[in-house]
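# Examination of the molecular architecture
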Amino acid sequence: MKILICISNVPDTTTKIRFVNDNTAFDTNGVQWIINPWDELALTRALELKEGSSGAIEKVSVISVGPQSSEPTLRKALAIGADDAIRVNAEPKDAFAVAQQLAEAIKDEGYDLIISGIESSDYNGAAVGGMLAEFLGIASVSSVSGINFESGGFQVKREIDGGSEMVAAQTPFVAIIQKGVAIVPRIPSMRGIMQARTKPLKVVESSATDNLTEFVDYELPPAKAACKMVDPENMKELVNLLHTEAKVL
Amino acid sequence: MSVLVYTENWDGKFKKLSFELVSFAKGIAEMTGTSVTALSIGNVDAEELNKLGNYGASKIVEVKDDRLNHLINGAYSSIISQVAEKEGSSVVILSNNNTGKALAPRVSVKLKAGLVAGVNALPSSANPFIIKKKAFTGKAFANVKVKSDKKILTLNQNSFGVKESGGSASVEAFSPSLNDADFKTEVKDVHKVTGKVLLTDAEIVVSGGRGMKGPENWGPIEELAGLLGAATACSRPVSDEGWRPHEEHTGQTGKIIAPNLYIAAGISGAIQHVAGISSSKCIVAINKDNEAPIFEAADYGVIGDVMQVLPALIDAVKSFKSEN
Ligand SMILES: Cc1cc2nc3c(=O)[nH]c(=O)nc-3n(C[C@H](O)[C@H](O)[C@H](O)COP(=O)(O)OP(=O)(O)OC[C@H]3O[C@@H](n4cnc5c(N)ncnc54)[C@H](O)[C@@H]3O)c2cc1C
C-alpha cells in the first residue's frame, strides 16, 4: 500500500495579511511559509498508520504544485518522515489547475490512499481533494476526522451534522481530512532533518493547464468599531445593549 | 437557462440554510435574467418541497433513490451535474457546509465550471462574472473572476439571509442514470448525537477558552447556552486538552462560524481563533486581562473573572427572559 499526501505551502497562520500592486497581489514580504495545518495532520496520521502496519504500508509520499521557492516546505515534510516527495513545477493558479496538474503527475503511480486537507489556509478553496478524485475517476470521502488501517483496508470516520459515520471506500480513493485525524502535528527530529537532505525529491514539469478562475484583487475587512466596555457588576446593562442596540437577543 | 441550487434535507426537512441558498440563487437569477431550479435528493414531502417556492424557486427537480440515503460523493455529484446539463444551468449553487465542500469540487470538474468557494454576497458583476469570497481564513476578501461559461458557487451559512418572494414552484421527478462507479463508498455505521444545537446552525454561541481553567467549570457555559438556545463552542487548546469534544473547536483549524451572537469567555483572541468567528454579527468578550486581543475583535467587552461574570450574566438573562 502506498499513501500520498497533497501539501499546500501557505503563509504562517499568524501572518498579518497585506496586499501590494493596487491590492492585486498578496505581499509575501517577510512571510514565513509553512505546511498547510491540515496537510501536516494528514502527514502525521499517514506516518502513524505506516508504522503500525507491519510493513503493509510501504511508503508515504508527499506532493505539491509550486515553484522552486516552495521546496523548503516539501523538505520539511521529508524531515517529518515522508519517504519521498514530488514537486510539480508550476505556479498554483487555482484549485482546478492544481488538481489537474496533480492528477497528471500521479495517475500512473498507483497510490492507494491520497489525502488532502479540507482547505488551504490561504485561498480557502476547499476544492483540490474533490477535484483530484474526479479527475482520477476515483471515490472521495470528505470531512474525514479519523483514518484507520485494518485487515488490509482503510476505514475512515466522516463528520456529519450532529454526529459521525464510519465509511469504507474502495481503494484507490481520496480522503479529504479535517481536524481530528491527528491532534498534534509531528515535528521534525534532528535525525529527520539530516535524512531529509538526501531523500528523493522529484521535480516534474506540468503539462499546460487552464485555470477557470482568476483573482482580480483583494480587500481587507472594514475596521471594526471600538469595543464597548460594560461594567462587570452590571450585566443587566449588557443584556440591555444586546437587546436594544445590537438586536441579537 | 437557469440557476440550479442543491437543497439538502435533514431527515426530510429543510433548514434556514436551504431557504438562504434559494434566496441567494434568486438574487443571481434576477441579475442574469433567468429562473431558479432547486434540486432535492431524498424523501421530502410535497408540503416541505413547496416551501422552496416561497424563497424564489420556480421549479423543483426531485430525485428519490434508496441507494442515496447517505451522502455518496460520486453519486450525488453525478446527479447534480446531470440535472445542471438537463436544465442548461449556467450557475450551480451549494452551501459551503460539509456537504457542499464534498460535492462542489467534483461537480466543477464534471461540468468544467469554475468554482468559487465561500461567497457571502451576490456577484459585483454578472458579465464578466466577478464575485467576492473570503480568503486567508477570514483575514481578507478576494474578488474572483470566473472565466468558464458555467460557474459553481458555495455560499457561507448565515451570510446572505433569507428573503421571501412569495412564489410557488412546480415539482418534477427525475431519474438520473447512475452506475456502479458512482457507488464506491459505503457507510458502515452511523453515530448521532441528538438534542444539541448544532454549532454551525446556531444563532447564538457561548464559547469557553483556557481561562475557564478546567472541564469541571463548564457548568455556567452550558447553563447560559441552555437559557439562550445557544450552541457551545471552545478554543483549540480546550479541545486539544480533551476538556471539550473536538466538534466544538472553533477557529482557523476548527469550525468557521457566523452566528448572530458569539460570547467568548476566557478566550485570549489569538488570530487563529478570531479567524473562525470574525463573521459573527456581534461578539461579546469576557476576560480578566484588559489587554487581551479578543477585545479588538469584540463589540462588547467585560473585564472580569469568568467565574463571577458568567453567573451574573446568567441572572441578568433570566430576568430579561421573564420580562420579555
Ligand atoms: C497552526 C495553528 C492553528 C490554530 N488554530 C486555532 C483554532 O482554530 N482555534 C483556536 O482557538 N486556536 C487555534 N490556535 C491556537 C491559538 O494560537 C491560541 O493558542 C488559542 O486560541 C488560545 O486559546 P485560549 O484563548 O483558550 O487560551 P489562552 O491563550 O491561554 O487564553 C486564555 C484567556 O483567558 C483569560 N483568563 C484566564 N483566566 C480567566 C478568568 N478567571 N476570567 C476571565 N478570563 C480569564 C486570560 O486572560 C487569557 O486571555 C492555532 C494555533 C496554530 C499554531
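Residues numbered from 1 in each chain as written. Chains lettered and ligands numbered in written order. Predicted model: local features only at pLDDT ≥ 70, side-chain atom pairs only at ≥ 80, totals over all residues. Heavy atoms only, no water.

Moving on to the interface of chain B and chain A. Where interface size is given, it is often the accessible area lost as the parts come together that is meant. Opposite the 86 residues of chain B that make contact, chain A presents 79 residues. When residues of chain B are sorted by the area they lose upon contact with chain A, F136(B), K184(B) and Y300(B) head the list and together hold 12% of the total. Summed over the shared surface of chain B and chain A, the number is 9 salt bridges. With a shortest N-O distance of 3.8 Å, K236(A) and E323(B) are connected by a salt bridge. The interface formed by chain B and chain A includes 36 residue pairs in polar contact (both at pLDDT 80 or more). For the side of chain B that touches chain A, the class distribution of residues is 41 nonpolar, 23 polar and 22 charged. Relative to strand β16 (residues 300-303) of chain B, strand β15 (residues 228-229) of chain A runs parallel, the two being bridged by 2 bridges. Along β16(B), the bridge assignment pairs M229(A) with G301(B). (Contact = heavy atoms within 4.5 Å. Buried area = accessible area lost by both parts, 1.4 Å probe. Salt bridge = Lys/Arg side-chain N within 4 Å of Asp/Glu carboxyl O. Polar contact = N/O pair within 3.5 Å; in protein donor to acceptor, adjacent residues only side chain to side chain. Nonpolar A, V, L, I, M, F, W, Y, C, P; charged D, E, K, R; others polar. Pairing = 2+ DSSP bridges. Helix = DSSP H or I, 4+ residues; strand = E, 2+ residues; numbered from the N terminus.)

Our next topic: the pattern of salt bridges. By the definition in use, this model includes 35 salt bridges over all chains. For E219(A), the salt bridge goes to K132(B), with nearest N and O atoms at 2.8 Å. Highlighted residues: E219(A) in strand β14 (residues 213-219) and K132(B) in strand β7 (residues 129-135), drawn from two different chains. For E219(A), a relative accessible area of 29% translates into the label partly exposed. A relative accessible area of 33% means that K132(B) is categorised as partly exposed. We note a salt bridge from K228(A) to E245(A), for which the minimum N-O separation is 2.6 Å. Of the two residues, K228(A) is situated in strand β15 and E245(A) in the segment after α6 (235-244); the sequence distance between them amounts to 17 residues. For K228(A), a relative accessible area of 37% gives the class partly exposed. Accessibility expressed as a relative area gives 40% for E245(A), which makes it partly exposed. One salt-bridge network, in which partners are shared between bridges, spans K59(B), K86(B), E87(B) and E172(B). (Buried < 20%, exposed > 50% of the residue type's maximum accessible area, 1.4 Å probe, protein only.)

All right, on to the nonpolar core then. Ranked by internal contacts, the top residues of the largest apolar core, which has 93 residues, are I5(A), I147(A), I177(A) and L39(B). For I5(A), the residues in contact, after removing those within four places along its chain, are D39(A), A42(A), L43(A), A46(A), V60(A), S61(A), V62(A), I63(A) and I115(A). Listed in part, the 41 residues of the second largest apolar core include V5(B), F14(B), V22(B) and V116(B). (Core = buried A, V, L, I, M, F, W, Y, C linked by side-chain atoms within 4.5 Å.)

Our focus in this paragraph is the pairing of strand β12 (residues 204-208) of chain B. Residues and elements named next belong to chain B. Of all the 5 residues making up β12, 5 are buried; the element is thus mostly covered by neighbouring parts of the structure. Inspection of the sheet shows β12 paired to strand β14 (residues 261-265) by 5 bridges, in the parallel sense. Pairing of G208 across the sheet is with A265, part of β14. The sheet contact formed by β12 and strand β13 (residues 231-234) spans 4 bridges and is parallel. Residue pairing for β13: S207 is matched across the bridge by A233. Note on the crossover from β12 through helix α5 (residues 219-228) to β13: the handedness is right-handed. (Right-handed = clockwise from strand over helix to strand, strands pointing away.)

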